[in-house]
Amino acid sequence: MDFLVAEGDEELVSAALARTFAHTRSRWDAVHLQVMHAESPSALQIMAALAECGVGAATLNVSDSRFIAIPATWDAYARPRSPNWRSQYRRKARRFFENHQGKVLVAGRDVEYSIAYDEFLRCHAMQWVGGGSNFLHPVVKDFHRNLVERWVPSGRILMLLLEMDGRVGGAA
């Protein structure tokens, strides 16, 4: 988790955040920025800005990022994997497309992005039975829906659905 900040504005946003914390200091005892990873482009700047405003800051529970770097091409992703892995992938992909009338749908091109987002939420909810995901909270869903409505049409993000046998079975 990190702040959504335009590249190059990290210092400006960090300073504004620190001033807000300093100004409201009498109203809180501690601020926890949960799950902000060490490689966050904002983390060091926020810590420095808080210290500059006289607000103590510390790093707790350092962990590796749960996110992966995505290679620029499929070949760059597949190349380091074993020949067996690549062969299995090709076989499974062929079965998906041939045996299940598989399709890759692109939001905004093949399906309305609002429908794609609803399908994404449906697939995500199946992974978090019992509501254990903060992403499924109404406020968070609405926040991301607004981003999808702005970012998909502009090409800032790409939403994909996997359709098999006429129904969506996966979303990314």
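Residues numbered from 1 in each chain as written. Predicted model: local features only at pLDDT ≥ 70, side-chain atom pairs only at ≥ 80, totals over all residues. Heavy atoms only, no water.

### Structural notes on the overall build of the chain
Link 1 in the chain: The number of helices and strands found in the chain is six helices and three strands.
Link 2 in the chain: Shown N-terminal to C-terminal, the secondary structure of the chain runs as helices and strands in the order α-α-α-α-β-α-α-β-β.
Link 3 in the chain: Put simply, the chain has 172 residues, and 22% of those count as buried.
Link 4 in the chain: A sequence separation of at least 24 residues applies to 62% of the contacts in the chain between residues at least 6 apart. (Helix = DSSP H or I, 4+ residues; strand = E, 2+ residues; numbered from the N terminus. Buried < 20%, exposed > 50% of the residue type's maximum accessible area, 1.4 Å probe, protein only. Contact = heavy atoms within 4.5 Å.)

### Digging into unusual backbone geometry
Link 1 in the chain: Positive phi, normally seen in glycine, also occurs at Gln101, with a value near 45°.
Link 2 in the chain: Its location among the elements puts Gln101 in the loop between helix 4 (83–99) and strand 1 (103–106).
Link 3 in the chain: If you check the backbone angles, Asp165 has positive phi at about 50° while not being a glycine.
Link 4 in the chain: Within the secondary structure layout, Asp165 lies in the loop between strand 2 (160–164) and strand 3 (167–171).

### Focus: the nonpolar core
Link 1 in the chain: Counting residues in hydrophobic clusters, the biggest one holds 13 residues, and the most contacted among them are Ala107, Ala116, Tyr117, Val148, Val152, Met159 and Leu161.
Link 2 in the chain: The set of elements that each furnish at least two residues to this core consists of helix 5 (113–127) and helix 6 (138–154).
Link 3 in the chain: Broken down by element, this core gets its largest block of residues, four residues, from helix 5.
Link 4 in the chain: Membership of the second largest hydrophobic core comes to seven residues, among which are Ala18, Trp28, Ala49 and Val55. (Core = buried A, V, L, I, M, F, W, Y, C linked by side-chain atoms within 4.5 Å.)

### Some thoughts on the sheet that holds strand 2
Link 1 in the chain: Taken in spatial order, the three strands make up an open sheet running 1-2-3, and their pairing is antiparallel. Edge positions in the sheet fall to strand 1 and strand 3, since each has one partner strand and no second. Averaged over all adjacent pairs, the angle separating strand axes in this sheet is 35°, with direction ignored.
Link 2 in the chain: Where strand 1 and strand 2 come together, four bridges link them in antiparallel fashion. Across the sheet, the residue bridging to Val104 is Leu162, located in strand 2.
Link 3 in the chain: Along the sheet, helix 5 contacts strand 2 and strand 3; its crossing angle with strand 3, the most-contacted strand, is approximately 75°. (Pairing = 2+ DSSP bridges. Axes fitted to C-alpha atoms, helices over the stretch in contact; angles between N-to-C directions.)

### Notes on helix 4
Link 1 in the chain: With 17 residues, helix 4 extends 24 Å between its outermost C-alpha atoms, agreeing within 8% with the 24 Å of an ideal straight helix rising 1.5 Å per residue.
Link 2 in the chain: Backbone geometry just downstream of helix 4 places Gln101 in the positive-phi region, at approximately 45°. (Expected span 1.5 Å × (residues − 1).)

### So, a positive patch on the surface
Link 1 in the chain: On the surface, a cluster of positive charge is contributed by Arg90, Arg91, Lys92, Arg94 and Arg95.
Link 2 in the chain: Tracing the chain through its elements places Arg95 in helix 4.
Link 3 in the chain: By relative accessible area, which is 41% here, Arg95 ends up partly exposed. (Patch = residues over 30% accessible without salt bridge, like charges linked within 9 Å, V, L, I, M, F, W, Y side chains within 5 Å. Areas by Shrake-Rupley, 256 points an atom, 1.4 Å probe, with all protein chains shown as cover. Salt bridge = Lys/Arg side-chain N within 4 Å of Asp/Glu carboxyl O. Lys, Arg positive; Asp, Glu negative; His and termini not counted. Charge placed at Lys NZ, Arg CZ, Asp CG, Glu CD.)

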